[in-house]
Amino acid sequence: MPRSLTLSLTLLAMIAFAGSSLLCRLALQQTAIDPASFTALRIVSGALTLGLIVRLRSNNHGAAGSWQSALALFTSAAILGGIALVIVDKQTAGAAPAR
């Protein structure tokens with residue numbers, strides 16, 4: 001893969017992650033969903049999307065995933081979800097309720 005394509009795709013991924021972070025903050029501040037439920041919804045929808053992409057791109061439909069990778073993803077989501085909860089709680093402490 002050419003270096004310029006790698007850099008462009010990396011930049012696009014970083015912009016997408018930043019956008020996702022902003023959307024998550026807005027979702028947690030403006031709705032009644034709690035961070036744990038929101039994180040679970042994101043994990044399930046991400047897993048389904050990745051599963052669909054792998055199934056469509058792979059000729060070997062019986063390929064197994066890695067439980068170690070799944071555990072690492074769950075652990076990071078739980079830790080980051082907990083951090084997000086603390087940040088949102090601090091930001092919204094004393095703020096007027098959303099209407």
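For clarity, every value in this text was computed on a predicted model and none was experimentally measured.

J.: Explanation requested: helix α1 (residues 3-30) in the structure shown.
T.: Working note: α-helix, 3.6 residues per turn, so residues spaced by three or four point in the same direction. The end-to-end C-alpha distance of α1 is 41 Å, a good match for the 40 Å that 28 residues give at a rise of 1.5 Å each. Within the span of α1, buried status applies to C24, A27 and L28.

J.: What am I meant to see in helix α2 (residues 35-57) here?
T.: Along its 23 residues, α2 runs 32 Å from first to last C-alpha, staying within 8% of the 33 Å computed at 1.5 Å per residue. Listed in full, the buried residues belonging to α2 are P35, F38 and T39.

J.: Would you mind showing me how to read the packing of α1 against α2 here?
T.: Helix-helix packing is characterised by the crossing angle of the two axes and by the distance between the axes. One way to put it is that α1 packs onto α2 with a least axis distance of 10 Å and a crossing angle of 140°. In terms of orientation, α1 and α2 fall into the oblique class. Like other packed secondary-structure pairs, α1 and α2 cross with a definite hand, here right-handed. When α1 is examined against α2, the residues S20, C24, A27 and L28 are found in contact with a partner set consisting of P35, F38 and R42. Here the contact of α1 with α2 is composed, by residue class, of five nonpolar, one polar and one charged.

Parameters at a glance
- Residues numbered from 1 in each chain as written.
- Predicted model: local features only at pLDDT ≥ 70, side-chain atom pairs only at ≥ 80, totals over all residues.
- Heavy atoms only, no water.
- Helix = DSSP H or I, 4+ residues; strand = E, 2+ residues; numbered from the N terminus.
- Expected span 1.5 Å × (residues − 1).
- Buried < 20%, exposed > 50% of the residue type's maximum accessible area, 1.4 Å probe, protein only.
- Axes fitted to C-alpha atoms, helices over the stretch in contact; angles between N-to-C directions.
- Parallel < 35°, antiparallel > 145°, perpendicular 65-115°, else oblique.
- Left-handed = near helix turned anticlockwise from the far one by under 90°.
- Contact = heavy atoms within 4.5 Å.
- Nonpolar A, V, L, I, M, F, W, Y, C, P; charged D, E, K, R; others polar.

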